[in-house]
Amino acid sequence: MKLGIVGLPNVGKSTLFNAITGAGAQAANYPFCTIEPNVGMVTVPDERLTWLFDQYKPKKFTPATVEFVDIAGLVEGASKGEGLGNKFLSHIREVDAIVHVVRCFENDDVVHVSGSVDPLRDIGVIDLELILSDMEFVERRLDKTVKAMKGDKTLKADCDFLERLLAFLSDGHSAREMELNTEGEKALMADMPLLSAKPVIFAANLSDDDLFNGADSNIHYQKVIERAAAFNAGVLPICAKAEEEISTLSADEKLEFLADLGIEQSGLDRLIKQCYSLLGLISFLTAGEDECRAWTITKGTKAPQAAGKIHSDFERGFIRAEIVAFDALKECGTMNAAKEKGLVRSEGKEYVMNDGDVVLFRFNV
């Protein structure tokens, strides 16, 4: 999973990114410059995998990972190249979802680029730049399709859809808000890397006081919630400053700090969990003396395709999958105990994987 962090200057975007990469054991930061984004890899927290590690004591422990991309320089006029905007917009095209950091805190010492704190205005600036960039893309795609239709009349439906999409974007709507009527329209939309079609989570950056006292009392946060509801985006209250402090603490200190704030999970953990939900992702687990590992797949994935995540030979020569639900395994204590109780199932090619399945694939090539 690759997530792009966007936002206007001085909203806490870089602070949040630094906190995220500081919390990741596999952080790999590249030097920041005016064109290339910062990139950081963090592990996905999964208590199930930790439990399996304690049981098997494997030689290798491999959690799922998330790649965060800090996309700087997105300002008003980016779609026209302002602030090297076209470069930064191209980075957004490569991500699976957008984490839009929105400033919801008041602080006279931190100057806002527009002179005041107004999350709806800020969201509108970013949204408009993504929409304007998409309009240019769709216009080029439409021109190309119209020319191709002269020799292939079957492309008329594509032209009609692209014209409807262009008009929809021109009215200031994001592509993700557009209703798709046919499988052909869904396929055509999926084939275009539109910026405004990407799933979005608004990270409402609060002060630590607001986070401690309850985000609901923050009027700016309430406005972000209302805006997000308009096009099915997620919202996450977060304090980038607190997250940066959390990233420097030991595990025990982290728990104590979170308890003082009155929350159970760090913003990073909650962000990853919400992104999984937004993108329709789940994890299945493999366990043994050699390795315990979490594998990320899309909801609805069948067993052979899940096996293919491990190795193409597993999918090509798939025979069956031996599966036990993690909760059942944990309750039994060991795999042998789960087998004795008949909780380890043998599933075939049509089995749809569930989140938390602990699986051993049988194959032959």
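See the structure shown above.
Since we're looking at a predicted model, the values are computed, not measured.

Colleague: For this particular structure, what's the right way to read the overall build of the protein chain?
Modeller: Helix and strand content of the protein chain: 15 helices and 12 strands. Looking at the 365 residues of the protein chain, the share that counts as buried comes to 47%. Long-range pairs, those at least 24 residues apart, make up 67% of the contacts in the protein chain between residues at least 6 apart in sequence. Of the roughly 18,200 Å² of accessible surface on the protein chain, a fraction of 49% belongs to carbon and sulfur atoms.

Colleague: In this structure, what is going on with the packing of helix α5 (residues 156–170) against helix α6 (residues 183–190)? I would like to understand it.
Modeller: Helix packing for two helices is described by the angle between their axes and how far apart those axes are. Viewed as axis vectors pointing N to C, α5 and α6 meet at an angle of 65°, and their least axial separation amounts to 11 Å. When you trace α5 past α6, the crossing you get is right-handed. Facing Asp158, Phe161, Leu162, Arg164 and Leu165 of α5, the residues of α6 in contact are Glu185, Leu188 and Met189. When grouped by side-chain class, the residues that make up the contact of α5 with α6 number 5 nonpolar, no polar and 3 charged.

Colleague: Explanation requested: the environment of glutamate 244 in the structure shown.
Modeller: If you trace the backbone, glutamate 244 turns up in helix α9 (residues 240–246). Residue class for glutamate 244 comes out partly exposed when judged on its relative accessible area of 32%. For the pair glutamate 244 and alanine 19, spaced 225 residues apart in the sequence, the C-alpha separation amounts to 4.0 Å. Among residues more than four places away in sequence, those in contact with glutamate 244 are Thr15, Asn18 and Ala19.

Colleague: Just checking my understanding: could you explain the pattern of salt bridges for this structure?
Modeller: Pairs may arise between side chains of opposite charge once their charged atoms sit close together. Throughout the structure, instances matching the rule amount to 19 salt bridges. Three or more residues are tied together by salt bridges with common partners; here these are Asp46, Arg48 and Asp355.

Colleague: Mind showing me how you'd approach the sheet that holds strand β7 (residues 234–238) here?
Modeller: With mixed pairing, 6 strands are arranged side by side in an open sheet as β2-β4-β1-β5-β6-β7. Each edge of the sheet is formed by a strand with only one pairing partner; in this case those strands are β2 (38–43) and β7. Along the sheet, successive strands turn relative to each other by an average axial angle of 25°, direction set aside. Relative to strand β5 (residues 97–103), strand β1 (residues 2–6) runs parallel, the two being bridged by 4 bridges. By the bridge assignment for β5, glycine 4 is matched with isoleucine 98.

Colleague: Help me understand the nonpolar core in this model?
Modeller: In summary, soluble globular proteins display a tendency toward joint burial of nonpolar side chains. With 72 residues, the main nonpolar core has Ile20, Leu52, Phe68, Ile92, Phe202, Leu271 and Ile272 as its most contacted residues. Ignoring anything within four residues of it in the chain, the contact list for isoleucine 20 reads Ile5, Val42, Phe68, Leu268 and Leu271. Leu142, Cys159, Leu166 and Leu194 belong to the second largest nonpolar core, which has 17 residues in total.

The rules we used
Residues numbered from 1 in each chain as written. Predicted model: local features only at pLDDT ≥ 70, side-chain atom pairs only at ≥ 80, totals over all residues. Heavy atoms only, no water. Helix = DSSP H or I, 4+ residues; strand = E, 2+ residues; numbered from the N terminus. Buried < 20%, exposed > 50% of the residue type's maximum accessible area, 1.4 Å probe, protein only. Contact = heavy atoms within 4.5 Å. Areas by Shrake-Rupley, 256 points an atom, 1.4 Å probe, with all protein chains shown as cover. Axes fitted to C-alpha atoms, helices over the stretch in contact; angles between N-to-C directions. Left-handed = near helix turned anticlockwise from the far one by under 90°. Nonpolar A, V, L, I, M, F, W, Y, C, P; charged D, E, K, R; others polar. Salt bridge = Lys/Arg side-chain N within 4 Å of Asp/Glu carboxyl O. Pairing = 2+ DSSP bridges. Core = buried A, V, L, I, M, F, W, Y, C linked by side-chain atoms within 4.5 Å.

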